[in-house]
Protein chains: 4
Amino acid sequence: MPEFDAVIRGGVVATASDTVTCDVGIVGGKVAMLGEALGPGAEEIDARAKLVLPGGIDSHVHIDQPSPETGALPATDFFSATVSAVCGGNTTVIPFVRQLKGQSMRQAVDDYHRRAEGKAVIDYAFHLIVADPTEQVLGQELPALVHDGHTSLKIYLTYDALKLTDYQVLDVLAFVRREGAFAMVHAENADSIKWLTERLLARGKTEPKYKGVAHAPPVEREAAHRAITLAEIADTPILIVHVATADAAEQLRWAQRRGLKVFGETCPQYLFLTGDELEKEGMEGAKCICAPPPGDRANQEALWRALEAGVFQVVSSDHAAFRFDDPKGKLIEGPKTPFNRITNGVPGIETRMPLLFSGGVQEGRIDLQRFVALTATNAAKMYGLYPRKGTIAVGADADIAVWDPDREVRISLDVLHDGMDYTPYEGMRVRGWPEITLARGEVVYKGGEFVGRRGRGAFLRCDRS
Amino acid sequence: MPEFDAVIRGGVVATASDTVTCDVGIVGGKVAMLGEALGPGAEEIDARAKLVLPGGIDSHVHIDQPSPETGALPATDFFSATVSAVCGGNTTVIPFVRQLKGQSMRQAVDDYHRRAEGKAVIDYAFHLIVADPTEQVLGQELPALVHDGHTSLKIYLTYDALKLTDYQVLDVLAFVRREGAFAMVHAENADSIKWLTERLLARGKTEPKYKGVAHAPPVEREAAHRAITLAEIADTPILIVHVATADAAEQLRWAQRRGLKVFGETCPQYLFLTGDELEKEGMEGAKCICAPPPGDRANQEALWRALEAGVFQVVSSDHAAFRFDDPKGKLIEGPKTPFNRITNGVPGIETRMPLLFSGGVQEGRIDLQRFVALTATNAAKMYGLYPRKGTIAVGADADIAVWDPDREVRISLDVLHDGMDYTPYEGMRVRGWPEITLARGEVVYKGGEFVGRRGRGAFLRCDRS
Amino acid sequence: MPEFDAVIRGGVVATASDTVTCDVGIVGGKVAMLGEALGPGAEEIDARAKLVLPGGIDSHVHIDQPSPETGALPATDFFSATVSAVCGGNTTVIPFVRQLKGQSMRQAVDDYHRRAEGKAVIDYAFHLIVADPTEQVLGQELPALVHDGHTSLKIYLTYDALKLTDYQVLDVLAFVRREGAFAMVHAENADSIKWLTERLLARGKTEPKYKGVAHAPPVEREAAHRAITLAEIADTPILIVHVATADAAEQLRWAQRRGLKVFGETCPQYLFLTGDELEKEGMEGAKCICAPPPGDRANQEALWRALEAGVFQVVSSDHAAFRFDDPKGKLIEGPKTPFNRITNGVPGIETRMPLLFSGGVQEGRIDLQRFVALTATNAAKMYGLYPRKGTIAVGADADIAVWDPDREVRISLDVLHDGMDYTPYEGMRVRGWPEITLARGEVVYKGGEFVGRRGRGAFLRCDRS
Amino acid sequence: MPEFDAVIRGGVVATASDTVTCDVGIVGGKVAMLGEALGPGAEEIDARAKLVLPGGIDSHVHIDQPSPETGALPATDFFSATVSAVCGGNTTVIPFVRQLKGQSMRQAVDDYHRRAEGKAVIDYAFHLIVADPTEQVLGQELPALVHDGHTSLKIYLTYDALKLTDYQVLDVLAFVRREGAFAMVHAENADSIKWLTERLLARGKTEPKYKGVAHAPPVEREAAHRAITLAEIADTPILIVHVATADAAEQLRWAQRRGLKVFGETCPQYLFLTGDELEKEGMEGAKCICAPPPGDRANQEALWRALEAGVFQVVSSDHAAFRFDDPKGKLIEGPKTPFNRITNGVPGIETRMPLLFSGGVQEGRIDLQRFVALTATNAAKMYGLYPRKGTIAVGADADIAVWDPDREVRISLDVLHDGMDYTPYEGMRVRGWPEITLARGEVVYKGGEFVGRRGRGAFLRCDRS
């Protein structure tokens, strides 16, 4: 009789601090044992010459969420997005519930739970976007929601539909501190973007490349500094999300050096793309439009150095998948859509880990431990999912990616599963790709395809900090 | 027949770069000649063993201006304030015209001209506080006003009655750039002050010392960083006024190092007072309430180091004189006035130069050249008054302070002329005091008293940059 | 029949990234299995409510090594020093082989191996102090020694007997790069110390407190900057050892931010002592004399902040135990020994982990993961002992400290085992103390006493990097 | 009867702080009067539409001084070098007396006085290069020499013939402090240069371009940091000369920000040349070999930013003129001279001011005041020549350059007067050139030619600080 439901045998098991060769014995969806020459498993997975990594946690993804500015409709729902995730080595996603101004937060939460249930193929938590922090919301709805495991709040300093005043930010951060919740901040200066955009449009400058002018580096830097200051005043940690500029990274470093608990997240679009993409002929550049947009090469290099130096704790995808050829997608106003009306967002849930592994670990910029920390462990700890998620350890969920470090893949649409009609990384060659993904001990990805079951994912309650 | 209207003879003449011993010959209110053994003057001023300095330009003073928050009435009008100025070695003041929201800027300008005319005893220019930068104001009124010599605009990031949105700031800065005007910024984060204040008051913390908590250093630092960023985006220089915190000074230094044209001003209240003053028994602390308030001793020391290192270009008084025992003065709500309702502002027009000379030059922190630059030359250049004002050079107005570097004075109310009922510097001993002040060649201060003529001051048109 | 030689049951197992509750099964001196409810062990160790930590690696200790300057004789040999180590939760030590100028390195190595063999109670590696990098040494002796597992070289920028010229430093670093070895640097400016010392002595300033003047912070900072530069030129990583000053830590941070591979080590004497100790009455101050000496309180606070911010990778003891009342100890020239002739060094092999646990983890400055990294994992990785040493993972040596996080101990001589007649930490209260230490699976410390076997420790060959 | 010996009429007179239009009346070689419409002068100089500037002080020039490394003989003696100087708008030079190890400093001083007397056409002071700071030198010779007006000492951290140990540096700096002298430091790390050079030569890399590798930026940075530290320990100001790298400039900035009195000098070769010059075909690159050599373009840009930000106080030429086609010049070992044997030094005494005026003032990087400060005033103050030299003020020597701001000149050998066979700036176009140079009131340069008298220059005693 098999001792384990499954054994992953002979692989090189990596955590955020260690790399050891051993077997992983799984029972009841959890890691039951780590050892050499473990007894037999009902399922035997040969991981020799492979890495055995904690499944990725993509902690910043937009799923089944229309664009707040253009109303564009996403290409993926909770089924297809999570399928794409597991095909990229992920085992957990944390998408967003979005409150709109005037809306009940509880209703928004219920709505997103309905969207996810029965569809998600891996476990998921939710961040709550707080767009209207009224007394009712902060005093009644949110305490109950935090109690129920929705401990992560996201706030915006930009977008008319979402942005908070500094006063509201302080209110939310004070709530976060009081309730043991956690705050993420989208840091861009709304007025500057608006002002620059109007002047560009007035001069007929509408092409995609002007996105980079309207979101010039000081725009993100200012908001980063402001967010840091408000967090300092409220005396609570924050995470600044999708940091795109060397300027903002400098602010993070400055804050961290002062001993402030300010965390940073960046994304593959900033580490692997540059503004050159936006300058491509015609509307091609629209494919890489996101907010903030990728900067220049020196900026990209500075972000890598910041990553190496420990300024960032999380690399997420900020997956927001809108089709290019879809009238309800990127180009909501047709082929002449001005840069400020192009739907923000790039797909990337499936390419995040391969890109970072290849460009980071294989290129010698970060070691394997840092890769694990950036793609899984740190997010699990930050969002209250640890030690259930984010590591390979006795008692943890058996969320594991068996990773072939030597497999070379040329990224193109046909190797991806996200239902999109383009990938911003088309043609890039990477070394390292997931071979098998296990979610709570079940093989859900193998042989390049999803082999799991629709709706098997469950909601994860996040712990308070 | 005398060759000169007046000759200042045998003094040590100092400019922002030089110190030489020579005579100064004055004709028609201007410096006509510098030389050794000049011919006779109708008036002969013996300056041997004395310094001959450019008269001070106090470029940040509130005269005949009620408090925008409390409505308190100032102790001094254009006569008494400028008398106090000359008794402190100054020969030019630049007070503020203040527009209120909804008000015509032109009307406000006319109003303040009326207040000054016939009263001011020395020349004056005006900064224009832009509180409502409508199309009308930016498109019609201000261009004409700039044309007429009102080239300096001041904007606020705080105070409900005055503060601009970031969008409006960008509009004003773009105007400044377009018209060759100049922008000063009061940099504090309004929402943070409001939020902190409400929480302090809710907990019954109303004493003066809580002013320092409500205006904690990050409050100024954030706004300084934001102002710098908006100026960077608008591509125009700015001056951040009355910098009170080491945190904000650090932002200035950071910006200057990046090559941004960001200037800084600080004031004696931050170099010579500390938050200890606010902690004095009873309401005594109210006397030193201003915004931002003085910080702690380490902060003060850091400001001195920044001054020495060239971070600041101007030391002004930010004179705002409200009596302590006057029901329409500091304590507008009586002896229990909570810290946020105490009228902001300290008097200082007369003590600015003696304090900085004594604490700066005599203590060896700055040299005489820097003293001249900080008190006169830099302001003249920045605000378009140079070379008419701000130096001792052929062709310049004969605005001169004959300064006794060795005179020791114990500051107290009875040696001052500002009509106040307190001075925040009561009891401080300084070394160095003006002996004679000449304004356009006329002796207006001598023997410790004003000896000039009411209303002799004239409006100065400032040049565009 | 027991499945394991020993099982540590029910403890909270911590690594440099993870904390999980599980059993640890040991076979043949190695960790064979991690799991819940492991089968029986021949020895059962109840670790419930205890931490199960990787045994400490004290990677900077002087054992059986006379003072290079005063010739003082140490209080401890390889037996007593390693006994003291295990009583403080350590399972590995890395002492120094010291070449003197003109001496063969091979002979020095052989000599120290003889001193250790048969005495050490835990495993040990050696750093080689290179004082005479002749062609013979760099070309023949050292390559062979590196091949045999002596991969870590230490060089000095101070001490007449040991210091290298910058040219020699470059030669050694080029060797290190070529051979995959590793370099540690004692960074102090020799000439400055000499010059300052001579001037102090000439003025009769001989008391212990003048040690801090002769080793003023710039002395270490300069040498740190120089070491960093030479490593940059030679293009090889270095570790700057026993960093004592905020000034030097600033240089580390600066280098790390530039992307240079510069590592930093600090010690409990800099985190828990200050220069106040040196100012104690009479010769009491001599007890805390080491080089560099502890700085002032602000310096100490800055070192803690640097530790929190990740500037340091290793906290070692720099154990150098010379008795106070021994004529061949600290005061080699008797009760009037001038500060520069007092034997450098403080004991600390046994107190290192309790101090850092109490002051770091219990005080909330670092988390448990960082503690493990600083006391064990990072040193193991840096010096080529990983994964054999430095973590608790399948296949690693079962070098483990079962740690009682709540045990309160008042440090004093009678709780220590280092054979000394004083401890610099006399009277300090700590929370957290080792309960059991296992070395390669054997219990060597328990119930407050050493229970292992003399000479059971073995030499560890270090891997090349 | 003329009132003045000469009057410079109607020019725009600039000092380090002021720009005014006035006449300059000269009597007895000094500025007697500044005024409008001065009385007649025996000589009338029309300066309308011209700038009237303090004559340049080139405070770092090597005249009649063989190369310390190669023994090459300079192209210019005190006559030709000072002629070249006045043709470039200079009125004072400060060359070097060089002691060699073992030599009496007094004898060296006497020797250089003999070289200058009867030849120099403008006034001169001397810096004393201290290569052998024995007790005799520091205790007897130098105090007397300082007393006689040789207050500026230069020390080297590189060159076998000149370099001091850190201990000796401290001795010299302590002397400087004690005697009110001043110290200049050539900051490069000797051992690094030697080590890198040997390895380059061993690999056959001998071309001029390898100079830049042997003197990589960290080489200067390290020595700059060390010099700063030694000055901090000795508690005395220093000037770091001919700063060539952004890395060293960063150290200066760091020190200045800490409040240390560390001054910086850079040179046109670093602001107008780059390492590209060294890469030219054949031995062409040798023409721009100096130590340190020019760096890359980013480095050059960083130096300009540092200049703008006030990091440097002096721009000197470091004139060291060795002919290219002379067997006793640059290529002392013939056309295959390896980079380390090429004589260091570029000519530049005549081009310094035009280059900085054109590239600095005309390009808008610095204003006219900064130009005056960098080329004359600051050096005069630093070296104890002020107010006799370095400004245009009553009582100062009438050392004046009448400058045509609009004259365009293409630099080439035939417009220069330095007796060289090349200029590193061949073909560069500048705007701004001296029209007339007056030295102590005498016109010595006019119409493109020297019109003064050989030997009219006098030795200047420098004041103590």
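Residues numbered from 1 in each chain as written. Chains lettered and ligands numbered in written order. Predicted model: local features only at pLDDT ≥ 70, side-chain atom pairs only at ≥ 80, totals over all residues. Heavy atoms only, no water.

Caption draft 1: Here's a closer look at the relation of the copies chain C and chain D. Superposition record for chain C on chain D: RMSD 0.0 Å, screw rotation 180 degrees, translation along axis 0.0 Å. In symmetry terms, the pair is related by a two-fold rotation axis. Interface overlap between copies: 100% of the residues of chain C at the interface are likewise at the interface in chain D, consistent with a symmetric, same-surface contact. (Least-squares fit on C-alpha atoms with pLDDT ≥ 70 in both. Contact = heavy atoms within 4.5 Å.)

Caption draft 2: How the structure looks around the side chain of His150(D). All names here are of chain D. Within the fold, His150 resides in the loop between α3 (135–147) and β10 (152–156). Only 2.9 Å separates the side chain of His150 from the side chain of His113, close enough to count as a polar contact. Ignoring any residue separated from it by four or fewer positions in sequence, one finds His150 in contact with Val109, His113, Phe126, Leu128, Leu145 and Phe459. (Helix = DSSP H or I, 4+ residues; strand = E, 2+ residues; numbered from the N terminus. Polar contact = N/O pair within 3.5 Å; in protein donor to acceptor, adjacent residues only side chain to side chain.)

Caption draft 3: Spotlight on the interface of chain B and chain A. Across the boundary between the two partners, chain B contributes 29 residues, which contact 29 residues of chain A. Counting the surface lost from both chain B and chain A, the interface buries some 2,600 Å², and carbon and sulfur atoms represent 55% of this. Inspection of the chain B/chain A interface yields eight salt bridges. In this structure, Arg226(B) and Glu222(A) form a salt bridge, with 3.7 Å as the shortest nitrogen-oxygen distance. At the surface where chain B touches chain A, the tally comes to 22 residue pairs in polar contact (both at pLDDT 80 or more). Secondary structure elements with two or more residues in the side of chain B that touches chain A: α4 (166–179), α5 (190–202), α7 (217–234) and α8 (246–257) of chain B. If you tally residues by element for the side of chain B that touches chain A, the top one is α7(B), at ten residues. Taken together, the residues of the side of chain B that touches chain A break down into ten nonpolar, six polar and 13 charged. (Buried area = accessible area lost by both parts, 1.4 Å probe. Salt bridge = Lys/Arg side-chain N within 4 Å of Asp/Glu carboxyl O. Nonpolar A, V, L, I, M, F, W, Y, C, P; charged D, E, K, R; others polar.)

Caption draft 4: Quick peek at the interface of chain C and chain D. Contact with chain C, which involves 29 residues of that partner, is made by 29 residues of chain D. Approximately 2,600 Å² of surface area, both sides summed, lies buried where chain C meets chain D, with 55% of it carried by carbon and sulfur atoms. At the junction of chain C and chain D, the tally comes to eight salt bridges. Along the contact surface separating chain C from chain D lie 22 residue pairs in polar contact (both at pLDDT 80 or more). For the side of chain C that touches chain D, the element with the highest residue contribution is helix α7 (residues 217–234) of chain C, accounting for ten residues. By residue class, the composition of the side of chain C that touches chain D is ten nonpolar, six polar and 13 charged.

Caption draft 5: Highlighting the relation of the copies chain B and chain A. Rotating chain B by 180 degrees and translating it 0.0 Å along the rotation axis places it on chain A, where the RMSD comes to 0.0 Å. By residue overlap, the copies meet face to face through one surface: 100% of the interface positions of chain B are interface positions in chain A.

Caption draft 6: Inspection of the packing of helix α4 (residues 166–179) of chain C against helix α5 (residues 190–202) of chain D at higher detail. Following both chains from N to C, one finds α4(C) and α5(D) inclined at 50 degrees, their axes separated by 8 Å at the closest point. With respect to α5(D), the axis of α4(C) lies oblique. Viewed along their axes, α4(C) and α5(D) form a crossing whose handedness is right-handed. Where α4(C) approaches α5(D), its residues Asp166(C), Tyr167(C), Leu170(C), Asp171(C) and Ala174(C) are matched on the opposing element by Asp191(D), Ser192(D), Lys194(D), Trp195(D), Glu198(D) and Arg199(D). Across the contact of α4(C) with α5(D), the residue classes break down as four nonpolar, one polar and six charged. (Axes fitted to C-alpha atoms, helices over the stretch in contact; angles between N-to-C directions. Parallel < 35°, antiparallel > 145°, perpendicular 65-115°, else oblique. Left-handed = near helix turned anticlockwise from the far one by under 90°.)

Caption draft 7: Structural view of the packing of aromatic side chains. One pass over the full model with this rule turns up 60 aromatic pairs over all chains. Judged by centre distance (5.5 Å) and plane angle (85 degrees), the rings of Phe272(A) and Trp304(A) are edge-to-face. Placement of Phe272(A) in helix α9 (residues 268–272) and of Trp304(A) in helix α10 (residues 297–308) is noted, with a sequence separation of 32 residues between them. Pair check on accessibility: Phe272(A) and Trp304(A) agree, each one buried. Each ring, one from Phe357(B) and one from Phe371(B), has its centre 5.4 Å from the other, and the planes form 80 degrees; the classification is edge-to-face. Placement of the pair is Phe357(B) in helix α11 (residues 352–362) and Phe371(B) in helix α12 (residues 368–382), with a sequence separation of 14 residues. An aromatic cluster is defined as three or more aromatic residues linked by ring pairs; in this entry it consists of Phe78(A), Tyr112(A), Tyr124(A), Phe126(A) and Phe459(A). (Phe/Tyr/Trp six-rings, centres within 6.5 Å; stacked < 30°, edge-to-face > 60°. Buried < 20%, exposed > 50% of the residue type's maximum accessible area, 1.4 Å probe, protein only.)

Caption draft 8: Quick look at the packing of helix α4 (residues 166–179) of chain A against helix α7 (residues 217–234) of chain A. Residues and elements named next belong to chain A. Between α4 and α7, whose axes approach to 9 Å, the crossing angle comes to 50 degrees. As summarised for this structure, α4 and α7 are arranged oblique, according to the angle between their axes. With respect to the hand of their crossing, α4 and α7 are arranged in right-handed fashion. Along its contact with α4, which presents Asp166, Val169, Leu170, Leu173, Ala174 and Arg177, the element α7 presents Arg226, Leu230, Ala231, Ile233 and Ala234.

Caption draft 9: Region of interest: helix α12 (residues 368–382) of chain A. All names here are of chain A. Relative to the 21 Å expected for 15 residues at 1.5 Å per residue, α12 spans 20 Å between its end C-alpha atoms, a close match to the ideal helical length. A maximum bend of about 55 degrees is found in α12 at Leu374. Counting buried positions along α12 gives twelve out of 15 residues, so the element sits mostly inside the fold. For α12, the full list of buried residues reads Leu368, Gln369, Phe371, Val372, Ala373, Leu374, Thr375, Ala376, Thr377, Ala379, Ala380 and Met382. (Expected span 1.5 Å × (residues − 1). Bend = angle between axes of the 7 residues up to and from the residue.)

Caption draft 10: The arrangement of the pairing of strand β17 (residues 442–446) of chain C in detail. All names here are of chain C. As defined by bridge partners, strand β16 (residues 429–439) adjoins β17 across four bridges and the pair is classed as antiparallel. In the strand pairing of β17, Ala439 is matched with Glu442. Where β16 folds back onto β17 in an antiparallel hairpin, the turn is made up of two residues, including Arg440, whose phi is positive at roughly 40 degrees. Pairing geometry for β17 and strand β18 (residues 449–450), over two bridges, is antiparallel. By the bridge assignment for β18, Tyr445 is matched with Phe450. Linking β17 to β18, which pair antiparallel, is a turn of two residues; within it Gly447 sits at a positive phi near 60 degrees. (Pairing = 2+ DSSP bridges.)

Caption draft 11: Local environment of the environment of Asp404(C). Residues and elements named next belong to chain C. Inspection of the secondary structure assignment puts Asp404 in strand β15 (residues 400–410). Expressed as a C-alpha distance, the spacing of Asp404 and Gly432, which sit 28 residues apart in the sequence, is 5.5 Å. Dropping the residues within four chain positions of it, Asp404 is found in contact with Lys50, Gly432, Trp433 and Glu435.

Caption draft 12: Examining the pattern of salt bridges more closely. Applying the stated rule across the entire model yields 128 salt bridges over all chains. Through salt bridges that share partners, Lys30(A), Asp123(A), Arg388(A), Lys389(A), Asp397(A), Asp399(A) and Arg440(A) make up one connected network.

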